[in-house]
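Observations on the three-dimensional arrangement
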Amino acid sequence: MINIKARTLWIISLLELLVGVGLILACIYTDNGINKVMIILMTIDFLLLALTIQFASYKSFKYKSKKKVYVTKEYINDNDLSEKLDELKFELRERNYGKSYLKIEKRSAFKVVLVTDPVGYFNHDEDDENTEPNKKLDNCLTFTAIEVFINSNDELREKLSDFTIQVEKVYYTALEKIDDNRYLCHNYEEPNEKHKDDVNHLYEMLGFKEVVDETTGNNEL
């Protein structure tokens, strides 16, 4: 397929328009058989003009997607997270893919999900878990959550960069355990002022510490 630049298409459109105007004048000053030929040519010209403008517009205004650059950060944590969450008195709810923990401090809610079965995670049905929603969440001003994937697979790794969400009341992210005490966040997003203290507090409670490169002084991989 010939790749024609948008500028060239607009020039062709202009030429077709000029030809069309000329054919209109020809229709006015001709009659009989010649007049019919001019009308047919004019119709064809304006059809071509419409198609050319359509392609030119598509070339000029089509959306050009930009590849999103994800920031990966590494953390270390020597704690057994289940034991640590129990120690911190998080409320436990068993899931078919792992464990879900919730704690409310004043008007801030903190949730930690330990996923041990990634296959079950992507195929579970919340309606089958027969759990009542926690009404205390209605009074919370912020909700901070981390999903920690203790076990992972290729399907999971392809999707982990989509797990970070930051909106007005919610900061949600995911970590993948890659070693005994090493974890990766595949799409780190700096929490805004509203979420910053809660996010830092949750990481500190759980014992997560950033791995900082001594050469660059940052934690971006």
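Notes on the structure follow.

What counts, and at which threshold
- Residues numbered from 1 in each chain as written.
- Predicted model: local features only at pLDDT ≥ 70, side-chain atom pairs only at ≥ 80, totals over all residues.
- Heavy atoms only, no water.
- Helix = DSSP H or I, 4+ residues; strand = E, 2+ residues; numbered from the N terminus.
- Buried < 20%, exposed > 50% of the residue type's maximum accessible area, 1.4 Å probe, protein only.
- Contact = heavy atoms within 4.5 Å.
- Patch = residues over 30% accessible without salt bridge, like charges linked within 9 Å, V, L, I, M, F, W, Y side chains within 5 Å.
- Areas by Shrake-Rupley, 256 points an atom, 1.4 Å probe, with all protein chains shown as cover.
- Salt bridge = Lys/Arg side-chain N within 4 Å of Asp/Glu carboxyl O.
- Phe/Tyr/Trp six-rings, centres within 6.5 Å; stacked < 30°, edge-to-face > 60°.
- Lys NZ or Arg CZ within 6 Å of the ring centre and 35° of its normal.
- Core = buried A, V, L, I, M, F, W, Y, C linked by side-chain atoms within 4.5 Å.

Side note on the environment of Asn-192
Along the chain, Asn-192 falls in the loop between β8 (182-185) and α6 (193-206). In this structure Asn-192 comes out as partly exposed when scored by relative accessible area, which is 35%.

Things to note about the side chain of Thr-144
Looking at where Thr-144 falls in the secondary structure, it is placed in strand β5 (residues 142-149). Its relative accessible area of 2% is what places Thr-144 among the buried residues. The residues touching Thr-144, leaving out its near neighbours within four places in the chain, are Ala-109, Phe-110, Lys-111, Tyr-171, Asp-198, Val-199 and Leu-202.

Digging into a nonpolar patch on the surface
Together, Ile-11, Leu-14, Leu-15, Leu-17, Leu-18, Val-21, Ile-24, Leu-25, Ile-28, Tyr-29 and Phe-46 make up an exposed nonpolar region whose accessible area comes to about 1,100 Å². The dominant element in the nonpolar patch, judged by the number of residues it contributes, is helix α1 (residues 6-28), at nine residues. Relative to the helices and strands, Leu-25 is located in helix α1.

A short note on the environment of Thr-43
Along the chain, Thr-43 falls in helix α2 (residues 32-61). On the accessibility criterion, Thr-43 (41% relative accessible area) is partly exposed. Taking the C-alpha atoms as reference, Thr-43 lies 8.5 Å from Gly-20; in sequence the two are 23 residues apart.

Quick look at the packing of aromatic side chains
A full pass over the atoms with the stated rule returns nine aromatic pairs. Ring geometry for Tyr-75 versus Phe-208: centroids 6.5 Å apart, planes at 85 degrees, classification edge-to-face. Of this pair, Tyr-75 sits in strand β1 (residues 73-76) while Phe-208 is found in the loop between α6 and β9 (209-210), placing the two residues 133 residues apart along the sequence. A single burial state applies to Tyr-75 and to Phe-208, both of which are buried. Aromatic ring contacts, followed pair by pair, group Tyr-97, Tyr-121, Phe-122, Phe-149 and Phe-163 into a single cluster. The ring centre of Tyr-188 lies 4.1 Å from the NZ or CZ of Lys-73, which sits over that ring. Over the ring of Phe-122 we find Lys-159, and its NZ or CZ is 4.3 Å from the ring centre.

A short note on the nonpolar core
In terms of nonpolar packing, the biggest core is built from 22 residues, with Phe-90, Val-112, Leu-175, Leu-202, Leu-206 and Phe-208 touching the most fellow members. Of all the secondary-structure elements, those providing two or more residues to this core are α3 (81-87), β4 (108-115), β5, β7 (170-177), β8 and α6. In terms of residue count, the dominant contributor to this core is α6 (five residues). Once residues within four sequence positions are removed from consideration, Leu-206 is found in contact with Asn-77, Asn-79, Leu-81, Lys-84, Leu-85, Leu-88, Val-112 and Ile-146. Listed in part, the nine residues of the second largest apolar core include Tyr-121, Phe-149, Leu-160 and Ala-174.

A few points about the environment of Ser-60
The residue Ser-60 is located in helix α2 in this model. For Ser-60 and Trp-10, which are 50 residues apart along the polypeptide, the C-alpha to C-alpha distance reads 9.6 Å. Residues contacting Ser-60, with those up to four places away along its chain left out, are Ala-6 and Trp-10.

Some points on the pattern of salt bridges
As enumerated under the stated definition, the model contains six salt bridges in all. The shortest N-O distance in the salt bridge between Glu-74 and Arg-182 comes to 2.7 Å. Taken as a pair, Glu-74 in strand β1 and Arg-182 in strand β8 lie far apart in primary sequence, 108 residues in all. Glu-74 sits in the buried class, given a relative accessible area of 12%. For Arg-182, a relative accessible area of 30% gives the class partly exposed. Among the ionic contacts, a cluster of salt bridges with common partners joins Glu-74, Asp-179 and Arg-182.

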